[in-house]
Amino acid sequence: MNTLTKLALGLMGQLHPQPAVGSATTRTSLPAPRRSGGLPLMEALRKRESQREFAPQALRKQTLSDLLWAAAGINRPALGGRTAPSAMNAQEVLLYVALPQGLFRYEPGAHELQLAAATDVRRVTGYQDFVDTAPLDLVYVADHARMRLVPAASRDSYAHAAAGAMAQNVYLYCASAGLATVIRAWFDRHALAQAMGLGTDQQLLLAQTVGLPKDPASG
Ligand SMILES: Cc1cc2nc3c(=O)[nH]c(=O)nc-3n(C[C@H](O)[C@H](O)[C@H](O)COP(=O)(O)O)c2cc1C
């Protein structure tokens, strides 16, 4: 669906998800993430960029596992520490994964996907057309219930900062793995919150599309 159509549907309150492809299970386990290898950090930084053209193929399960671990995984099990920082270690940013099979929440403890909505919400995650057909769109959501110890005036900016750190982890992983990605803030907040069934404590922060590059030479 093109951007103008999305803007018009959004104005009418009619920008909705599509039916999911197939039937998803409540919990989907992921293979253990590969916690070594990849490009040297300085090379990944040299290659980091935003791309907006994606091939439609699904990512392999191992790639999805590695990607989600890079974004929000537990890298210090003894402490429950994450790959990205959060103010006062509140770990308030929830990571959702919009796939053709449904919308899932990444659960770092079990390293698994939990079904959040049995619909394909990809096209609601942004006004740009590529978000509809790219194999996955990540959505970063602040859970304000986890920020009770953070001063109220700082919660919004702290959550955005934490989501930005996670998004940069994804950028670097994608640079290393030859994937395309772009972080995005241009989406219909009302339509997306509704499509995701978010509660009053949950605040949409950012979205991020990931996939194989349409032109592999650009990856
Ligand atoms: C907070 C934020 C919001 C952004 N929102 C969008 C967006 O909605 N759509 C988009 O295509 N790119 C978006 N971008 C990506 C920027 O356009 C991109 O990072 C910038 O053009 C620099 O390009 P580079 O990432 O390749 O260096 C956003 C970036 C940031 C940091």
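Each remark here, short or long, concerns the structure printed above.
One structure accompanies this document, and this report is about it. As the structure is a prediction and not an experimental result, all values here were calculated from the model. (Residues numbered from 1 in each chain as written. Predicted model: local features only at pLDDT ≥ 70, side-chain atom pairs only at ≥ 80, totals over all residues. Heavy atoms only, no water.)

This part takes up the overall build of the protein chain. Secondary structure assignment for the protein chain yields six helices and eleven strands. Counting only C-alpha atoms and orienting by the principal axes, one finds that the protein chain spans roughly 50 × 45 × 35 Å. Among the 219 residues that make up the protein chain, the fraction classed as buried is 48%. Put simply, of all contacts in the protein chain between residues at least 6 apart along the chain, 76% involve residues at least 24 apart. For the protein chain, the accessible area works out to roughly 10400 Å², and carbon and sulfur atoms hold 55% of it. Distance between charge centres in the protein chain, computed from 21 positive and 16 negative side chains, equals 4 Å. (Helix = DSSP H or I, 4+ residues; strand = E, 2+ residues; numbered from the N terminus. Buried < 20%, exposed > 50% of the residue type's maximum accessible area, 1.4 Å probe, protein only. Contact = heavy atoms within 4.5 Å. Areas by Shrake-Rupley, 256 points an atom, 1.4 Å probe, with all protein chains shown as cover. Lys, Arg positive; Asp, Glu negative; His and termini not counted. Charge placed at Lys NZ, Arg CZ, Asp CG, Glu CD.)

What follows covers the side chain of D137. With respect to the helices, strands and loops of the structure, D137 is situated in strand 9 (residues 136–143). Overall, the relative accessible area of 0% leaves D137 in the buried class. Within the local environment of D137, its side chain forms a polar contact with the side chain of T209, the two groups lying 2.6 Å apart. Those residues in contact with D137 that lie beyond four places of it in its chain are Y96, V97, A98, R122, T125, V131, R184, Q208 and T209. (Polar contact = N/O pair within 3.5 Å; in protein donor to acceptor, adjacent residues only side chain to side chain.)

Moving on, we come to the site of the ligand. Neighbouring the ligand are the residues R48, E49, S50, R52, Q128, V182, I183, R184, A185 and W186. The side chain of S50 places a nitrogen or oxygen atom 2.5 Å from an oxygen atom of the ligand. Considering the ligand on its own, with 620 Å² of exposed area, one finds that the protein chains cover 53% of that surface. (Near = heavy atom within 4 Å.)

Attention now moves to the environment of R27. Among the structural elements, R27 can be located in strand 2 (residues 27–29). For R27, a relative accessible area of 54% translates into the label exposed. Distance in space between the C-alpha atoms of R27 and E107 is 9.8 Å, their sequence separation being 80 residues. Excluding residues that lie within four positions of it along the chain, R27 makes contacts with E112, L113 and Q114. Separated by 3.1 Å, the side chains of R27 and E112 make a polar contact.

With that settled, the discussion passes to the side chain of R82. Inspection of the secondary structure assignment puts R82 in strand 4 (residues 81–82). Put simply, R82 is tucked away with no salt bridge, and the nearest opposite charge, on E107, sits 6.1 Å away. Side-chain polar atoms of R82 contact the side chain of Q91, separated by 3.3 Å. Those residues in contact with R82, other than ones at most four positions away along the chain, are A72, G73, I74, N75, R76, Q91, P108 and R146. (Salt bridge = Lys/Arg side-chain N within 4 Å of Asp/Glu carboxyl O.)

Two faces make up the sheet, and in a regular strand the side chains alternate between them. Judged by how many residues are buried, strand 11 (residues 202–211) sits mostly within the fold: eight of ten residues are covered. Here eight bridges tie strand 9 to strand 11, and the two strands are oriented antiparallel to one another. Its bridge partner being in strand 11, Y140 is matched across the sheet by L206. As judged from the five bridges shared by strand 10 (residues 180–184) and strand 11, these two strands associate in the antiparallel manner. The partner of V182 across the bridge, within strand 11, is T209. (Pairing = 2+ DSSP bridges.)

Taking 1.5 Å as the rise per residue, helix 5 (residues 155–177) with 23 residues should run 33 Å; its terminal C-alpha atoms sit 33 Å apart, in good agreement. Trailing helix 5 by a residue or two, G178 shows a phi angle of about 75 degrees, which is positive. (Expected span 1.5 Å × (residues − 1).)

A word on the environment of G73. Inspection of the secondary structure assignment puts G73 in the loop between helix 3 (61–72) and strand 3 (74–76). In this structure G73 comes out as buried when scored by relative accessible area, which is 0%. A sequence separation of 40 residues divides G73 from P33, and the C-alpha atoms of the two residues are 8.9 Å apart. If sequence neighbours within four positions are ignored, G73 has contacts with L68, G81, R82, T83 and Y106.

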